[in-house]
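Observations on the three-dimensional arrangement
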Amino acid sequence: MPSQKQSIILGVAVATILSTSYLSFINFLCCAGMIAAGMVTVWHYTSTHNLTIPAGRGAVMGLIAAGIGSFLAIFLNFALIKLGIRADLAISQFVIDTFGENMPPEALDDMREQMDKPVTFAGYFVNGLIGLVVSAIFGAIGGAIGASVFKKGRDITPDEGVV
Amino acid sequence: MATLQTFQLQLTSESMELSDTRRPVSRGWWVAFFSCLILGMVATLPPFLPEAAREVIMGGFSAVCHQLPSRSYHVNGISLAVCHRCMGIYYATAAGAIIFLLMRNRPRILSSKAGAIIVASLIPLGIDWLIDVIGWWSNTPYSRFATGALFGSAAGIYYTKALVELFQKRSQPADESTEMAAIDVNVDAL
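All values reported here derive from a predicted model rather than from experimental measurement.

**Thoughts on the overall build of chain A**
In terms of regular secondary structure, chain A is built from six helices and two strands. Listing the helices and strands of chain A from first to last along the sequence gives α-α-β-α-α-α-α-β. For chain A, the C-alpha atoms occupy an extent of roughly 60 × 30 × 20 Å along the three principal directions. Burial statistics for chain A: of 163 residues in total, 50% are counted as buried. Look at the contacts in chain A between residues 6 or more apart in sequence, and 82% of them connect residues 24 or more apart. Averaging the locations of the 9 positively and 11 negatively charged side chains of chain A gives two centres separated by 15 Å.

Structure representation (structure tokens):
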């Protein structure tokens, strides 16, 4: 069976980019970034090798791509935060400016308190791990959808290895 | 005198797919169902947790949801970890697993119409979001939850299908070239 590494690397790149800084806002649209990463992984694999793969294989490829991409994004985002590129503060300020009038005062105070809190790597890493699990699940969903949609050629046998 | 004979029948992947869906619920189905259900339940936890744990959960889901208080469900004044739409998606993926169970005798529809099903499930969600952004209509918690649930159901169906296939393939050693099934048949001697 053709190697899946190239396709998974592409999926990882898509997932990492769409999980970093301001581009990560796309995931506010129902984890669209992670679903896209899973679908791109499967699309590249089936298009490159003219194959149709089982949904299970697509789900595994999507899960791997989104999981690794989210993991790498934890470190990238933390580095950007330390460099002063605060996409998280930008979205919080946007929310306060746009929706602040309709928010309860306690919620506003909570948000401002969160914005003033210093970001530690340990806290950020733990939060990132929870996000990684969610991202991996949606990457698997994207890969399963991709395998069902992108059918390019002969069915591969199911007993061949994953990577 | 009846004799037992073992026949090996070569099955096409088509007929194997049909026979797979008539089997009892597989381990893959349970994994799919409970992973989706647990995801939704974890996102529902924040109002019931101490503050420190709540912050961890909220922080974890902040990467995948805007968590706007005005667009999230609240319990005792504390919002859940995700918005109305995402909550609909998460719980509906578990419902998608149940829908897959009910449709498992009709695998053709799921395979051949996959693209159409996904696009159709996204249209109401897209319309609900877009017309709110444009300002034509203010969507409601119900519309956000319902449109999210529609997409979640479809996504859950294919996620479940994938895990069912994955676990079934791992439990069945396959031949090098094609899928084989050994069937024991009790036949009367002619």
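Past the structure itself, the notes keep going.
**Quick look at helix α5 (residues 105–116) of chain A**
All names here are of chain A. Spanning 12 residues, α5 covers 17 Å between terminal C-alpha atoms, matching the ideal 16 Å at 1.5 Å per step. Those residues of α5 lying buried are A107, L108, M111 and M115. Seen from one end, α5 has its buried residues packed into an arc of 100°, which puts them on one side. In this structure, α5 carries P105, E106 and D116 as exposed residues pointing more than 90 degrees from its buried face. Buried residues along α5 sit against α4 (87–99).

**Observations concerning the pattern of salt bridges**
All names here are of chain B. Overall, the coordinates contain four salt bridges over all chains when judged by the stated rule. Between D128 and R85 there is a salt bridge; the shortest N-O distance is 2.4 Å. Here the residue D128 occupies a position in helix α6 (residues 114–134), and R85 occupies one in helix α4 (residues 84–102), the gap between them amounting to 43 residues. An identical accessibility class is assigned to D128 and R85; each is buried.

**Considerations on the nonpolar core**
Of all hydrophobic cores here, the largest spans 56 residues; its most connected members are A:V134, A:F138, B:F61, B:V82, B:Y90, B:Y158 and B:Y159. Here the element with the most residues in this core is helix α7 (residues 141–171) of chain B; it accounts for 10 residues. Those residues in contact with B:Y159 that sit more than four places away from it in its chain are A:I137, A:A140, A:I141, A:A144, B:A32, B:S35 and B:C36. Residues A:L108, A:M111, A:M115 and B:L68 belong to the second largest nonpolar core, which totals eight residues.

**Notes on unusual backbone geometry**
Of note in this structure, A:C31 is not a glycine but carries a positive phi near 55°. Structurally, the position occupied by A:C31 is in the loop between α1 (5–17) and α2 (32–49). Assessed through its relative accessible area of 1%, A:C31 is described here as buried. Its identity as a non-glycine residue notwithstanding, B:N76 has a phi of 55°, on the positive side. Mapping B:N76 onto the fold places it in the loop between β2 (74–75) and β3 (78–79).

Quick notes on the rules
Residues numbered from 1 in each chain as written. Chains lettered and ligands numbered in written order. Predicted model: local features only at pLDDT ≥ 70, side-chain atom pairs only at ≥ 80, totals over all residues. Heavy atoms only, no water. Helix = DSSP H or I, 4+ residues; strand = E, 2+ residues; numbered from the N terminus. Buried < 20%, exposed > 50% of the residue type's maximum accessible area, 1.4 Å probe, protein only. Contact = heavy atoms within 4.5 Å. Lys, Arg positive; Asp, Glu negative; His and termini not counted. Charge placed at Lys NZ, Arg CZ, Asp CG, Glu CD. Expected span 1.5 Å × (residues − 1). Arc of directions from axis to C-beta. Salt bridge = Lys/Arg side-chain N within 4 Å of Asp/Glu carboxyl O. Core = buried A, V, L, I, M, F, W, Y, C linked by side-chain atoms within 4.5 Å.

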